[in-house]
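Observations on the three-dimensional arrangement
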Amino acid sequence: QVRLAESGGGLVQPGGSLSLTCVASGTIYAINVMGWYRQAPGKQRELVATASSGGTLTYADSVKGRFTVSRDNDANTVYLRMNRIEPEDTALYYCNAEGLFKAGNFGPLSFNNWGRGTQVTVSS
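Please read these numbers as outputs of a predicted model, since none were measured by experiment.

We now examine the overall build of the chain. Helix and strand content of the chain: 0 helices and 11 strands. Secondary structure elements of the chain, listed N to C terminal, follow the sequence β-β-β-β-β-β-β-β-β-β-β. Taking 14 Å as the expected radius of gyration for a compact globule of 124 residues, we find that the chain reaches 15 Å, a close match to that expectation. Overall size of the chain, expressed as C-alpha extent along the three principal axes, is 55 × 25 × 20 Å. Per-residue burial over the chain gives 38% buried out of 124 residues. Long-range pairs, those at least 24 residues apart, make up 56% of the contacts in the chain with a sequence separation of at least 6. Of the roughly 6700 Å² of accessible surface on the chain, 48% is carried by carbon and sulfur atoms.

Below is the structure:
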């Protein structure tokens with residue numbers, strides 16, 4: 001299977017910057033889409049930004065112009081650069097990856113996995 005490990009969360013002041021990293025490991029055949037979701041207390045999980053293997057990037061309207069998602073396909077790694085952070089950005093940020101994993105004689109099988117999350121807290 002595929003495991004995801006997030007890092008980079010922490011306490012940041014409004015207007016500040018923070019960078020998150022997610023590394024995928026395991027019997028990976030291909031990762032089609034890799035990106036970030038977040039969930040604040042009492043709210044549903046929402047998409048933040050994603051990056052496809054072909055370079056297509058998507059962003060939530062709330063983070064456009066402030067956050068940047070990037071990806072290193074060879075390293076199975078996705079990054080999230082967070083600039084001009086706002087209090088509303090406080091949430092547990094989850095890494096997500098969708099793709100194919102190696103499954104022996106039957107060829108690749110699909111996966112859609114989540115990391116454990118990294119906490120981002122915005123406070124002055």
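More follows now that the structure is in view.
So, about the state of the cysteines. On inspection of all chains with the given rule, the structure shows 1 disulfide. Residue Cys22 pairs covalently with Cys95 via a disulfide, S to S 2.0 Å. An S-S torsion of about -85° defines the bridge between Cys22 and Cys95 as left-handed. Here Cys22, found in strand β3 (residues 18-26), pairs with Cys95, found in strand β9 (residues 91-101); they are 73 residues apart in sequence, far enough to count as distant.

Time to look at the sheet that holds β3. Spatially, the 4 strands line up as an open sheet ordered β1-β3-β8-β7, and their pairing is antiparallel. Edge strands, defined here as strands with exactly one partner in the open sheet, are β1 (2-7) and β7 (67-72). Taken over all neighbouring pairs, the strand axes of this sheet differ in orientation by 15° on average, direction set aside. Where β1 and β3 come together, 6 bridges link them in antiparallel fashion.

It is worth spelling out the packing of aromatic side chains at this point. Under the defined criterion, the tally for this structure stands at 1 aromatic pair. Each ring, one from Tyr37 and one from Trp114, has its centre 4.9 Å from the other, and the planes form 65°; the classification is edge-to-face. Of this pair, Tyr37 sits in strand β4 (residues 28-39) while Trp114 sits in strand β10 (residues 109-114), and the two are 77 residues apart along the sequence. We note Arg45 situated over the ring of Trp114; from NZ or CZ to the ring centre the distance is 4.4 Å.

So, about the pattern of salt bridges. Inspection of the entire model under this criterion finds 5 salt bridges. With a closest N to O distance of 3.1 Å, Lys64 and Asp61 form a salt bridge. The class for Asp61 is exposed, based on a relative accessible area of 64%. Between Glu86 and Arg66 there is a salt bridge, with its nearest N and O atoms 3.7 Å apart. Pair noted here: Glu86 is in the loop between β8 (77-82) and β9 and Arg66 is in the loop between β6 (57-59) and β7, with a separation of 20 residues, a long-range link. On the accessibility criterion, Arg66 (5% relative accessible area) is buried.

Counting 31 residues, the largest nonpolar core has Met34, Trp36, Leu80, Met82 and Tyr93 as its most contacted members. Counting only elements with at least two residues in this core, the list comes to β1, β3, β4, β5 (46-52), β7, β8, β9 and β11 (118-122). Considering every element that reaches this core, the biggest residue donor is β9, with 5 residues.

Cut-offs applied
- Residues numbered from 1 in each chain as written.
- Predicted model: local features only at pLDDT ≥ 70, side-chain atom pairs only at ≥ 80, totals over all residues.
- Heavy atoms only, no water.
- Helix = DSSP H or I, 4+ residues; strand = E, 2+ residues; numbered from the N terminus.
- Rg over C-alpha atoms; globule rule 2.2 N^0.38 Å.
- Buried < 20%, exposed > 50% of the residue type's maximum accessible area, 1.4 Å probe, protein only.
- Contact = heavy atoms within 4.5 Å.
- Areas by Shrake-Rupley, 256 points an atom, 1.4 Å probe, with all protein chains shown as cover.
- Disulfide = S-S within 2.5 Å.
- Pairing = 2+ DSSP bridges.
- Axes fitted to C-alpha atoms, helices over the stretch in contact; angles between N-to-C directions.
- Phe/Tyr/Trp six-rings, centres within 6.5 Å; stacked < 30°, edge-to-face > 60°.
- Lys NZ or Arg CZ within 6 Å of the ring centre and 35° of its normal.
- Salt bridge = Lys/Arg side-chain N within 4 Å of Asp/Glu carboxyl O.
- Core = buried A, V, L, I, M, F, W, Y, C linked by side-chain atoms within 4.5 Å.

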